[in-house]
Amino acid sequence: MELIIRNLSKTYANGVQALKDVNLTIQQGMFGLLGPNGAGKSSLMRTIATLQEADNGDIRLGDIDVLKQKQDVRKVLGYLPQEFGVYPKITAETMLDHIATLKGITHPKERKEIVEGLLQRVNLFSVRKKNLGTYSGGMKQRFGIAQALLGNPKLIIVDEPTAGLDPAERNRFHNLLSEIGENTIVILSTHIVDDVSNLCKDMAIICLGEVLAQGNPVQIVEEMKGKVWKKIIDKKEIDTYRQNCKVISTHLFAGKTQIHVFSDQQPDTSFESAETDLEDVYFSTISQKVDTITI
Ligand code: ADP
């Protein structure tokens, strides 16, 4: 099954054009939608999840016309929204059982098996009787994935799932997502480059509502190899470098400023070749639209 998005556009009532003629083809596996805050990721996710209307365009999930056959989409969709609120005084087990009932799993024995199986899968079985309000951020996100997996969805959307998680929790969440991605379409929307480079076999970069690049992360990085140069500079020289070179990012480390510059040739002998990674691709791509980013 494929998800095909064609010429999708959306302008909000306040005049913000959140999606500009978006075209994407998304296959089974993990797909990373990478973009800075305000890029339009949530607008796109909510539209695919049938939670808001588009102005123009077409979305197909296999045979389903997503913008028209909303009920059919909802039957095969698992969605973990950016703001996933939980009822603090309810246990994970009770809550998941309740959501399973709402999703139409009405047979009690079947439901119990499914709920227990999912709690085991997301590694929350031992804490299933604890109230959700006592869960850490990572545990809440794993609970969010469990509810998204109810009903064996064919399409799973996770919107900014690792924001606020500590490194160990993020790692655990990544492992869980990559397992799920083996036989489902999983769209991971994020502004964290590592989430995409670690997990996704296909990706797109979106900024100010436009898709600026799409492809396999390894290939995209490969195409840029040999064109990124680094140099440690004095912080006060940054504006001069910005005027003279294509500075794609400035990193602060050990109290110094290191710039990464995009150039077909070595700008001058004071620059060294930099190991190119997805972060360089990301920053150079979005720098077409927004100012250089400091990390
Ligand atoms: P992202 O998820 O990448 O941060 P969003 O889709 O949330 O981006 O937002 C894209 C743009 O649309 C932003 O400029 C945001 O302020 C605007 N926006 C999002 N939702 C609404 C809304 N309901 N009404 C008006 N503007 C909105």
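Definitions and cut-offs
- Residues numbered from 1 in each chain as written.
- Predicted model: local features only at pLDDT ≥ 70, side-chain atom pairs only at ≥ 80, totals over all residues.
- Heavy atoms only, no water.
- Helix = DSSP H or I, 4+ residues; strand = E, 2+ residues; numbered from the N terminus.
- Buried < 20%, exposed > 50% of the residue type's maximum accessible area, 1.4 Å probe, protein only.
- Areas by Shrake-Rupley, 256 points an atom, 1.4 Å probe, with all protein chains shown as cover.
- Lys, Arg positive; Asp, Glu negative; His and termini not counted.
- Charge placed at Lys NZ, Arg CZ, Asp CG, Glu CD.
- Domains from an automatic or database assignment.
- Buried area = accessible area lost by both parts, 1.4 Å probe.
- Salt bridge = Lys/Arg side-chain N within 4 Å of Asp/Glu carboxyl O.
- Polar contact = N/O pair within 3.5 Å; in protein donor to acceptor, adjacent residues only side chain to side chain.
- Near = heavy atom within 4 Å.
- Nonpolar A, V, L, I, M, F, W, Y, C, P; charged D, E, K, R; others polar.
- Pairing = 2+ DSSP bridges.
- Contact = heavy atoms within 4.5 Å.
- Axes fitted to C-alpha atoms, helices over the stretch in contact; angles between N-to-C directions.
- Core = buried A, V, L, I, M, F, W, Y, C linked by side-chain atoms within 4.5 Å.

Draft legend 1. Structural context of the overall build of the protein. Helix and strand content of the protein: 10 helices and 15 strands. Along the longest, intermediate and shortest principal axes, the C-alpha atoms of the protein span 70 × 45 × 35 Å. The buried share among the 295 residues of the protein stands at 48%. For the protein, the exposed area adds up to about 14500 Å²; of that, 47% sits on carbon and sulfur atoms. With 35 positive and 37 negative side-chain charges, the protein shows a separation of 6 Å between the mean positions of the two kinds.

Draft legend 2. Just the domain arrangement of the protein, in detail. You can read the domains of the protein as domain 1 (3–215) and domain 2 (222–294). For domain 1 and domain 2, the distance between their C-alpha centroids amounts to 33 Å. Carbon and sulfur atoms make up 84% of the surface buried where domain 1 meets domain 2, a total of about 930 Å² over both sides. The interface formed by domain 1 and domain 2 includes zero salt bridges. Applying the counting rule to domain 1 against domain 2 returns zero residue pairs in polar contact (both at pLDDT 80 or more). Those elements giving two or more residues to the side of domain 1 that touches domain 2 turn out to be helix H7 (193–199), strand S9 (202–207) and strand S10 (210–215).

Draft legend 3. Region of interest: the site of the ligand. Near the ligand there are 13 residues, and of these Gly 38, Gly 40, Lys 41, Ser 42 and Ser 43 occur at the shortest range. In this structure, Gly 40 approaches the ligand through a main-chain N or O atom, which is 3.0 Å from an oxygen atom. Contact with the protein chains covers 64% of the free accessible surface of the ligand, which is 560 Å². Here the element with the most residues in the shell around the ligand is helix H1 (residues 41–48); it accounts for four residues. Of the residues belonging to the shell around the ligand, the class tally is five nonpolar, six polar and two charged.

Draft legend 4. Quick look at the sheet that holds strand S1 (residues 3–11). As summarised here, the arrangement of the four strands in space is S2-S1-S4-S5, forming an open sheet in which the pairing is antiparallel. If you trace the sheet from one side to the other, it starts and ends with strand S2 (17–26) and strand S5 (64–65), each paired once. In this sheet, S2 lies alongside S1 in antiparallel orientation, the contact comprising six bridges. Note on S2: the bridge partner recorded for Thr 11 is Gln 17. Where H1 meets the sheet, it contacts S1, S2 and strand S4 (56–61), and its direction lies at approximately 60 degrees from that of S2.

Draft legend 5. Up close: the nonpolar core. Leu 96, Leu 124, Phe 143, Ile 145, Val 158 and Leu 177 are the most contacted members of the largest nonpolar core, which totals 52 residues. Counting only domains with at least three residues in this core, you end up with domain 1 (3–215) and domain 2 (222–294). What Leu 124 contacts, discounting residues up to four positions off in sequence, is Leu 119, Tyr 135, Met 139, Arg 142 and Phe 143. Counting residues in hydrophobic clusters, the runner-up holds 28 residues, among them Leu 8, Ile 59, Leu 61 and Val 66.

Draft legend 6. Examining the pattern of salt bridges more closely. The full count for this structure, using the stated rule, is 15 salt bridges. A salt bridge links Asp 234 to Lys 236; its shortest N-O distance comes to 3.0 Å. Classification of Asp 234 as partly exposed rests on a relative accessible area of 41%. Linked through salt bridges whose partners overlap, the residues forming this network are Asp 58, Arg 60, Asp 65 and Lys 68.

Draft legend 7. Fine view of the sheet that holds S10. Taken in spatial order, the six strands make up an open sheet running S6-S7-S8-S3-S9-S10, and their pairing is mixed. Here the strands that pair on one side only, and so sit at the sheet edges, are strand S6 (77–80) and S10. With strand direction ignored, the average angle separating the axes of adjacent strands in the sheet is 15 degrees. Inspection of the sheet shows S6 paired to strand S7 (residues 155–159) by four bridges, in the parallel sense.

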